[in-house]
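# Observations on chain architecture
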Amino acid sequence: MKRIVAMILSGMMLVLAACSGNGTQENVQPASVLGSEQTSAPETLSAAAEQPATSSESLTSEVPADENAGTNMLVAYFSYAENADLPDGTDASASASIQVWNGETTGNTGVVAAMIAETTGADLFSIQTVEKYPDTYDATIDQGQQERNANARPALATHAEDLDRYDVVFLGFPNWWGDMPMAMYSFLDEVDLSGKTIVPFVTSGGSGFSRTISTIESMESGANVQEGLSISGSSATEAQAQVNEWLTELGYAE
């Protein structure tokens, strides 16, 4: 009897041992799965670490630029066609002093002003009078002569504001009767360019600056007046290379 009981007990122990072995095997499988998760974890962490860098780059690219921070230069100019009472549909080819440039009607000085602005990145300011000049150039320069003889100061319709942020002012005008148009006197009376650099340019039929440089120096005695550029009015539209060379010599070309 004891032998039978012993045999029964022995069989039960074998069954328990087998069950214990199966449980160990089941515990191995979860360990294997955990191992695969640990292997992939560094990739997950790496991706997470890259995310802040991506966000930082995105924020940097979205920071808006200051629209006024791009230039410290201004091109202020007076041009006949922008101050004349021209009829609609005026044919630019009908007058050597009227030009269409970048889709806008202007004069020879306006063309050179646009070239300077394009090369330097400067802002443009058109000096315009309240009273418009006649629609023919001959009548306009006759009126200009009358204004010069009277030492007139034509009232201006446009006014330069926030000049403090400009260090360099390109000053352009046509030569009328050996002088600047009197609207330029109105402009120089109105502004204070002390401490700034003035860079003059002129378009003419051959007289160049005449005595206008000394006039500018006298009216803006607190400014530094640099070497100017004289362009023949008849070649204004072909003057880009000459303008670029001049600006490069002065160190203003972009």
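Residues numbered from 1 in each chain as written. Predicted model: local features only at pLDDT ≥ 70, side-chain atom pairs only at ≥ 80, totals over all residues. Heavy atoms only, no water.

### A few points about the packing of aromatic side chains
Heads up, the condition is: Centre distance within 6.5 Å is the pairing criterion for rings of Phe, Tyr and Trp, where only the six-membered ring of Trp is used; planes under 30 degrees apart are then read as stacked, over 60 as edge-to-face, and the remainder as tilted. Only DSSP runs of H or I with at least four residues qualify as helices, and only runs of E with at least two residues qualify as strands; both kinds are numbered from the N terminus onward. Accessible area is worked out with a 1.4 Å probe on protein chains only. A residue is then buried under 20% of its type maximum, exposed over 50%, and partly exposed in between.
Enumeration over the complete set of coordinates arrives at eight aromatic pairs. Ring geometry for Y133 versus W176: centroids 5.6 Å apart, planes at 75 degrees, classification edge-to-face. One end of the pair, Y133, is in the loop between β4 (123–126) and α3 (137–149); the other, W176, is in the loop between β5 (168–174) and α4 (182–190), with 43 residues separating them in the sequence. In terms of burial, Y133 and W176 fall into one category: buried. Their ring planes at 75 degrees and their centres at 6.1 Å tell us that F170 and W246 sit as a pair that is edge-to-face. With F170 in strand β5 and W246 in helix α6 (residues 240–250), this residue pair connects regions lying 76 residues apart in the sequence. In textbook terms, an aromatic cluster arises when at least three aromatic residues are bridged by ring pairs, as seen for F78, Y133 and W176.

### Here's the deal with the packing of α4 against helix α5 (residues 212–219)
Rule in force here: The axes are straight lines fitted to the C-alpha atoms, using for helices just the contacting stretch, and the angles between their N-to-C directions are given from 0 to 180°. Oblique is the label for any angle not under 35 degrees, not over 145, and not in the 65 to 115 range, which are roughly parallel, roughly antiparallel and roughly perpendicular in turn. Crossings are sorted by hand: turned counterclockwise from the far helix by less than a right angle, the near helix makes the crossing left-handed, and turned clockwise it makes it right-handed. Note on contacts: a residue pair qualifies if any of its non-hydrogen atoms lie within 4.5 Å across the two residues.
The N-to-C vectors of α4 and α5 enclose an angle of 25 degrees; their axes lie 10 Å apart at closest approach. As far as their axial angle goes, α5 and α4 are roughly parallel. Read as a crossing pair, α4 and α5 show a hand that is right-handed. On α5, the residues touching Y185, L188 and D189 of α4 are T215, I216 and M219.

### What about the side chain of T119?
Counting through the fold element by element, T119 comes out in helix α2 (residues 108–120). Excluding residues within four positions of it along the chain, T119 makes contact with Q240, N244, L247, Y252, A253 and E254.

### Re the side chain of K196
Selection criterion: The charged-residue count follows a simple rule in which Lys and Arg add positive charge and Asp and Glu add negative charge, with His and chain termini not counted at all. Any carboxyl oxygen of Asp or Glu that lies within 4 Å of a side-chain nitrogen of Lys or Arg is treated as forming a salt bridge with it.
Residue position: K196 is located in the loop between α4 and β6 (197–204). Although K196 is buried, it makes no salt bridge; D164 carries the closest opposite charge, 4.9 Å away. Not counting the four nearest positions on each side in its chain, K196 is found in contact with L163, D164, Y166, D167, V169, A223 and N224.

### A look at the nonpolar core
Under the convention used in this document: Nonpolar cores are built from buried Ala, Val, Leu, Ile, Met, Phe, Trp, Tyr and Cys residues. Side-chain atoms within 4.5 Å join them into one set.
In this structure, A76, I127, L171, F187, L193 and I216 are the most contacted members of the largest nonpolar core, which totals 30 residues. When residues of this core are traced back to their parent elements, those giving at least two are β1 (73–77), β5, α4 and β6. V75, A122, I231 and A239 belong to the second largest nonpolar core, which has 22 residues in total.

### Focus: the environment of P200
The residue P200 is located in strand β6 in this model. Once the C-alpha coordinates of P200 and G172 are considered, the two residues, 28 residues apart in sequence, prove to be 5.7 Å apart.

### So, α2
Our working rule: Any helix carries an expected span of 1.5 Å times its number of residues minus one.
Taking 1.5 Å as the rise per residue, α2 with 13 residues should run 18 Å; its terminal C-alpha atoms sit 19 Å apart, in good agreement. By the criterion of burial, α2 is predominantly enclosed, with 12 of the 13 residues buried. Where α2 is concerned, the buried positions are N108, T109, G110, V111, V112, A113, A114, M115, I116, A117, T119 and T120. Downstream of α2 by a residue or two, G121 has a phi angle that is positive, lying close to 80 degrees.

### Some words on the environment of L250
Here L250 shows up in helix α6. Residue class for L250 comes out partly exposed when judged on its relative accessible area of 22%. Considering only alpha carbons, one finds L250 and E227, 23 residues apart in sequence, at a separation of 8.3 Å. Discounting residues that sit within four places of it in the chain, L250 has contacts with V199, Q226 and E227.

Purely spatial values, then, with no claim about function.
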